[in-house]
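Tertiary structure, described
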Amino acid sequence: MVYALIGVGALGCAIAAVTTKRLLNSAIWLALTSALVALEMYLLGGPFIAVIELSVGAGLVTVLFVFAINLTGEESTPNAHPVLKGLALVCLLACLALVAYWVLPPTLVSPSNPDTQPLATIFWEGRRLDTWLQALLIFTGALTVLGLLRSTPQETDQKEENPDGLP
Amino acid sequence: MDYLDGVIVLLVVLGLVGIGIYAIMVSRNLIKIIIGMQVMVKGVLLAFVLAGRVSGNMGLGQSLALTVIVVDTIVAVVALALAVRVRRRFGTLDPRALTTLRR
């Protein structure tokens, strides 16, 4: 029952995140979705990943979204065509129903011989290469963002000519 | 956790993935598309943790979910930086405007 309540809350927040018009409200709904998903993870028995999801998903990513929305500004974009929306919804529901039919019965059977290695052993010994690659990926991402947000000479000239950004 | 709870969590996973894919398909704002991608990844993370719980190998499920969180955060950061860049260059966040062939 608790799983269902939290799950319905997470789905409601996710729907609000993708349907709300204002981008800032969408970011806040996304943070709430992350928090509820983290709670569900904790109940499933994953406290480490729940804490990381709460701090990264609901904290860091939300700050990044607010920062990006602050830089780009709120922009009202037109809605997609209703026929396209309906078609996308029908295709999506059909695919999800097929996946649910295919996945549900065999995968939720309890294991006969569970493997109970601790997270630290798996992460630092079993998947050592993945860990190093993740660290490399973080540095690559940081350098990419620095390169993307650097002003080009043309933009610098425009800023010097019109420092207030007025048309 | 009994079988019914597992089914409920799996339905939540499918719901989150579905909502995310739908948002990516119909949104006409780059930041909204990134938000849709984030929603989809929340479902995938929950699926990893559920798989770890059901298979009895919770450590592996959590470590894979941790990898997905790292990769997803980097992708979101780079995508948001690209959206800021697009806004500066084209003056809009509409992905349909990202073409120079129409002009």
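Residues numbered from 1 in each chain as written. Chains lettered and ligands numbered in written order. Predicted model: local features only at pLDDT ≥ 70, side-chain atom pairs only at ≥ 80, totals over all residues. Heavy atoms only, no water.

A tally of regular secondary structure across chain B gives 3 helices and 0 strands. The N-to-C order of helical and strand elements in chain B reads α-α-α. In chain B, which comprises 103 residues, the share counted as buried stands at 60%. Looking at chain B alone, contacts between residues at least 24 apart form 57% of all its contacts between residues at least 6 apart. Entry remark: accessible area of chain B is about 3900 Å², with carbon and sulfur atoms responsible for 68%. (Helix = DSSP H or I, 4+ residues; strand = E, 2+ residues; numbered from the N terminus. Buried < 20%, exposed > 50% of the residue type's maximum accessible area, 1.4 Å probe, protein only. Contact = heavy atoms within 4.5 Å. Areas by Shrake-Rupley, 256 points an atom, 1.4 Å probe, with all protein chains shown as cover.)

Attention now goes to the interface of chain A and chain B. Contacts between the two partners involve 81 residues from chain A, matched on the other side by 67 residues from chain B. Across the chain A to chain B interface the summed buried area is about 6500 Å²; carbon plus sulfur atoms make up 75%. The interface formed by chain A and chain B contains 1 salt bridge. In this structure, E53 of chain A and K42 of chain B form a salt bridge, with 3.3 Å as the shortest nitrogen-oxygen distance. The interface formed by chain A and chain B holds 8 residue pairs in polar contact (both at pLDDT 80 or more) in total. Counting residues per element, the side of chain A that touches chain B draws most heavily on helix α3 (residues 47-72) of chain A, at 15 residues. Among the residues making up the side of chain A that touches chain B, the classes are represented as 51 nonpolar, 21 polar and 9 charged. (Buried area = accessible area lost by both parts, 1.4 Å probe. Salt bridge = Lys/Arg side-chain N within 4 Å of Asp/Glu carboxyl O. Polar contact = N/O pair within 3.5 Å; in protein donor to acceptor, adjacent residues only side chain to side chain. Nonpolar A, V, L, I, M, F, W, Y, C, P; charged D, E, K, R; others polar.)

Relative to the elements of secondary structure, T92 of chain B occurs in the segment after α3 (58-90). Other than its neighbours up to four places away in sequence, T92 of chain B contacts E75 of chain A together with V86, R87 and A97 of chain B. A distance of 3.1 Å separates the side chain of T92 of chain B from the backbone nitrogen of D94 of chain B, its partner in a polar contact.

All names here are of chain B. The sites that UniProt annotates as "transmembrane region" (unreviewed entry) are residues 6-26, 33-52 and 64-84. Secondary structure within residues 33-52 divides into 100% helix and 0% strand; the distance between the first and last C-alpha atoms comes to 29 Å. Structurally, residues 64-84 is divided into 100% helix and 0% strand, and its ends, taken at the C-alpha atoms, are 30 Å apart. (UniProt positions renumbered as here; feature names shortened; annotations may be inferred.)

So, about the packing of helix α6 (residues 128-149) of chain A against α3 of chain B. Where α6 of chain A meets α3 of chain B, the closest approach of the two axes is 9 Å, and the angle between their N-to-C directions is 10 degrees. Taken together, the axes of α6 of chain A and α3 of chain B lie roughly parallel to each other. Contacts between α6 of chain A and α3 of chain B involve Q134, L137, I138, G141, T144, V145, L148 and L149 of chain A from the first element and L66, T67, V70, V71, I74, V77, V78, A81, L82, V84, R85 and R88 of chain B from the second. Of the residues contributing to the contact of α6 of chain A with α3 of chain B, the split by class is 14 nonpolar, 4 polar and 2 charged. (Axes fitted to C-alpha atoms, helices over the stretch in contact; angles between N-to-C directions. Parallel < 35°, antiparallel > 145°, perpendicular 65-115°, else oblique.)

Turning to the confidence of the model for chain A, a few remarks are in order. Chain-level pLDDT for chain A is 81 on average; 81% of the residues reach the 70-or-more range. Considering each helix and strand of chain A separately, the mean pLDDT is smallest for helix α7 (residues 153-161) of chain A, with a value of 65, and largest for helix α2 (residues 23-44) of chain A, with 93. (pLDDT = per-residue confidence, 0-100.)

On to the nonpolar core. If you look at the biggest cluster of nonpolar residues, it comprises 49 residues, and the most contacted ones within it are M41 and F65 of chain A together with I31 and L46 of chain B. Residue assignment for this core shows that the elements contributing at least two residues are α1 (2-19), α2 and α3 of chain A together with α1 (3-26), α2 (30-55) and α3 of chain B. For this core, the element with the highest residue contribution is α2 of chain B, accounting for 12 residues. When sequence neighbours within four positions are dropped, the list of residues in contact with M41 of chain A reads G46, I49, A50 and E53 of chain A together with L45, L46 and V49 of chain B. With 8 residues, the next largest nonpolar core counts A88, L96 and A100 of chain A together with L14 of chain B among its residues. (Core = buried A, V, L, I, M, F, W, Y, C linked by side-chain atoms within 4.5 Å.)

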